[in-house]
Amino acid sequence: MKRTLFISMLLCLFAIVANAQDLGIQGYYRHYGSTSGDIWYELKVGSDDPREYTEIGVIRGTTVEVQITEPATGVCTFSIDSGLAGCYILSSYTRRILIAVPDITPSGKDYSTLHITCGDKYLEVRMYII
(Lines give C-alpha, C1' and ligand atoms only; values in the text may rest on other atoms or scores of the structure.)
Protein backbone atom coordinates (compact mmCIF):
# COMPACT_ATOMS: atom_id res chain seq x y z
CA MET A 1 0.00 0.00 0.00
CA LYS A 2 2.82 2.41 0.84
CA ARG A 3 4.51 1.60 -2.47
CA THR A 4 1.33 2.32 -4.44
CA LEU A 5 0.83 5.62 -2.61
CA PHE A 6 4.47 6.59 -3.24
CA ILE A 7 4.21 5.81 -6.97
CA SER A 8 0.95 7.76 -7.25
CA MET A 9 2.49 10.79 -5.55
CA LEU A 10 5.54 10.57 -7.82
CA LEU A 11 3.35 10.48 -10.93
CA CYS A 12 1.41 13.51 -9.70
CA LEU A 13 4.67 15.39 -9.17
CA PHE A 14 5.81 14.60 -12.73
CA ALA A 15 2.46 15.82 -14.09
CA ILE A 16 2.74 19.11 -12.19
CA VAL A 17 6.30 19.73 -13.39
CA ALA A 18 5.36 18.90 -17.01
CA ASN A 19 2.43 21.35 -16.95
CA ALA A 20 4.56 24.11 -15.43
CA GLN A 21 7.13 24.08 -18.25
CA ASP A 22 7.04 27.35 -20.20
CA LEU A 23 7.30 26.65 -23.91
CA GLY A 24 7.29 30.24 -25.07
CA ILE A 25 5.73 30.90 -28.47
CA GLN A 26 5.38 27.91 -30.79
CA GLY A 27 3.94 27.67 -34.27
CA TYR A 28 4.31 26.72 -37.91
CA TYR A 29 4.92 28.48 -41.21
CA ARG A 30 4.46 27.67 -44.91
CA HIS A 31 5.10 29.25 -48.31
CA TYR A 32 2.44 30.10 -50.90
CA GLY A 33 3.50 30.41 -54.52
CA SER A 34 6.50 28.07 -54.39
CA THR A 35 7.18 24.68 -55.89
CA SER A 36 7.53 23.13 -52.43
CA GLY A 37 3.76 22.64 -52.19
CA ASP A 38 1.67 22.87 -49.04
CA ILE A 39 4.26 21.89 -46.44
CA TRP A 40 4.14 23.23 -42.87
CA TYR A 41 7.49 23.78 -41.12
CA GLU A 42 8.05 24.22 -37.38
CA LEU A 43 8.77 27.80 -36.42
CA LYS A 44 11.29 26.52 -33.85
CA VAL A 45 12.91 23.11 -33.96
CA GLY A 46 11.57 20.91 -31.17
CA SER A 47 8.20 21.32 -29.55
CA ASP A 48 9.72 21.98 -26.11
CA ASP A 49 12.02 24.81 -27.24
CA PRO A 50 11.55 27.90 -25.00
CA ARG A 51 13.92 30.23 -26.96
CA GLU A 52 12.84 33.81 -27.73
CA TYR A 53 14.79 33.96 -31.03
CA THR A 54 14.86 31.84 -34.18
CA GLU A 55 15.83 32.02 -37.86
CA ILE A 56 13.95 30.70 -40.88
CA GLY A 57 14.55 30.70 -44.61
CA VAL A 58 11.84 32.23 -46.77
CA ILE A 59 11.57 31.72 -50.52
CA ARG A 60 11.79 34.89 -52.59
CA GLY A 61 8.68 35.92 -54.48
CA THR A 62 6.31 33.99 -52.20
CA THR A 63 3.85 34.70 -49.42
CA VAL A 64 4.66 33.21 -46.02
CA GLU A 65 1.91 32.29 -43.56
CA VAL A 66 2.81 32.00 -39.86
CA GLN A 67 0.35 30.40 -37.43
CA ILE A 68 0.83 30.44 -33.65
CA THR A 69 -0.15 27.27 -31.76
CA GLU A 70 1.32 27.98 -28.30
CA PRO A 71 0.14 29.68 -26.19
CA ALA A 72 -3.12 28.06 -27.20
CA THR A 73 -5.35 31.02 -26.31
CA GLY A 74 -5.21 34.78 -26.47
CA VAL A 75 -4.37 37.38 -29.08
CA CYS A 76 -0.92 37.67 -30.64
CA THR A 77 0.43 40.89 -32.12
CA PHE A 78 2.88 41.07 -35.00
CA SER A 79 5.27 43.70 -36.29
CA ILE A 80 8.06 43.55 -38.84
CA ASP A 81 11.35 45.33 -39.42
CA SER A 82 11.81 45.06 -43.19
CA GLY A 83 15.59 45.37 -43.07
CA LEU A 84 17.46 44.91 -46.34
CA ALA A 85 15.26 41.98 -47.37
CA GLY A 86 12.14 44.17 -47.67
CA CYS A 87 9.51 41.70 -46.38
CA TYR A 88 6.22 43.29 -45.37
CA ILE A 89 2.90 42.34 -43.73
CA LEU A 90 -0.01 41.64 -46.07
CA SER A 91 -2.51 40.94 -43.29
CA SER A 92 -2.57 39.74 -39.71
CA TYR A 93 -5.20 38.13 -37.51
CA THR A 94 -5.31 37.12 -33.84
CA ARG A 95 -2.96 34.13 -34.26
CA ARG A 96 -1.94 34.23 -37.93
CA ILE A 97 0.00 36.54 -40.25
CA LEU A 98 0.65 36.68 -44.00
CA ILE A 99 4.00 38.14 -45.09
CA ALA A 100 5.06 39.12 -48.63
CA VAL A 101 8.61 38.17 -49.57
CA PRO A 102 9.94 40.30 -52.44
CA ASP A 103 11.43 38.73 -55.55
CA ILE A 104 15.01 39.92 -55.07
CA THR A 105 18.40 38.29 -55.42
CA PRO A 106 19.45 37.26 -51.92
CA SER A 107 22.93 38.04 -50.70
CA GLY A 108 22.76 35.62 -47.78
CA LYS A 109 22.97 38.49 -45.30
CA ASP A 110 19.66 40.18 -46.03
CA TYR A 111 16.85 39.47 -43.59
CA SER A 112 13.69 40.94 -42.16
CA THR A 113 12.77 40.54 -38.50
CA LEU A 114 9.29 39.47 -37.43
CA HIS A 115 8.35 40.34 -33.83
CA ILE A 116 5.60 38.22 -32.25
CA THR A 117 4.08 39.00 -28.84
CA CYS A 118 1.44 36.80 -27.20
CA GLY A 119 0.56 38.09 -23.74
CA ASP A 120 3.84 38.21 -21.82
CA LYS A 121 5.66 35.91 -24.29
CA TYR A 122 7.87 37.18 -27.11
CA LEU A 123 9.52 35.62 -30.18
CA GLU A 124 11.87 37.28 -32.67
CA VAL A 125 12.06 35.56 -36.07
CA ARG A 126 14.80 36.49 -38.53
CA MET A 127 13.60 35.67 -42.03
CA TYR A 128 16.46 35.13 -44.49
CA ILE A 129 15.61 35.10 -48.19
CA ILE A 130 16.71 31.90 -49.90
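Presented here is a report on the structure given in the accompanying data block. (Residues numbered from 1 in each chain as written. Predicted model: local features only at pLDDT ≥ 70, side-chain atom pairs only at ≥ 80, totals over all residues. Heavy atoms only, no water.)

### Looking at the state of the cysteines
A complete count under the given rule lists one disulfide for this structure. The partner cysteine of cysteine 76 in its disulfide is cysteine 118, sulfur to sulfur 2.0 Å. The sign of the S-S torsion, about 110 degrees, decides the handedness of the disulfide formed by cysteine 76 and cysteine 118: right-handed. Placement of the pair is cysteine 76 in strand β5 (residues 76-81) and cysteine 118 in strand β8 (residues 111-118), with a sequence separation of 42 residues. (Disulfide = S-S within 2.5 Å. Helix = DSSP H or I, 4+ residues; strand = E, 2+ residues; numbered from the N terminus.)

### Quick look at the pattern of salt bridges
Within this structure, the stated rule accounts for four salt bridges. As a salt-bridge pair, glutamate 124 and arginine 126 come within 4.0 Å of each other at their nearest N and O atoms. Where salt bridges share partners, they join Arg30, Glu65 and Arg96 into one cluster. (Salt bridge = Lys/Arg side-chain N within 4 Å of Asp/Glu carboxyl O.)

### Brief notes about the pairing of strand β4 (residues 63-70)
Here seven bridges tie strand β1 (residues 26-32) to β4, and the two strands are oriented antiparallel to one another. If you follow glycine 27 over to β4, its bridge partner there is isoleucine 68. (Pairing = 2+ DSSP bridges.)

### What about the sheet that holds β1?
Backbone-to-backbone hydrogen bonds join strands into a sheet, with any given pair of strands oriented parallel or antiparallel. If you walk across this open sheet you meet the five strands as β2-β1-β4-β7-β6, and the pairing is antiparallel. Here the strands that pair on one side only, and so sit at the sheet edges, are β2 (41-42) and β6 (88-92). Here five bridges tie β4 to strand β7 (residues 96-100), and the two strands are oriented antiparallel to one another. Each bridged residue has a counterpart across the sheet, and for threonine 63 the counterpart in β7 is alanine 100.

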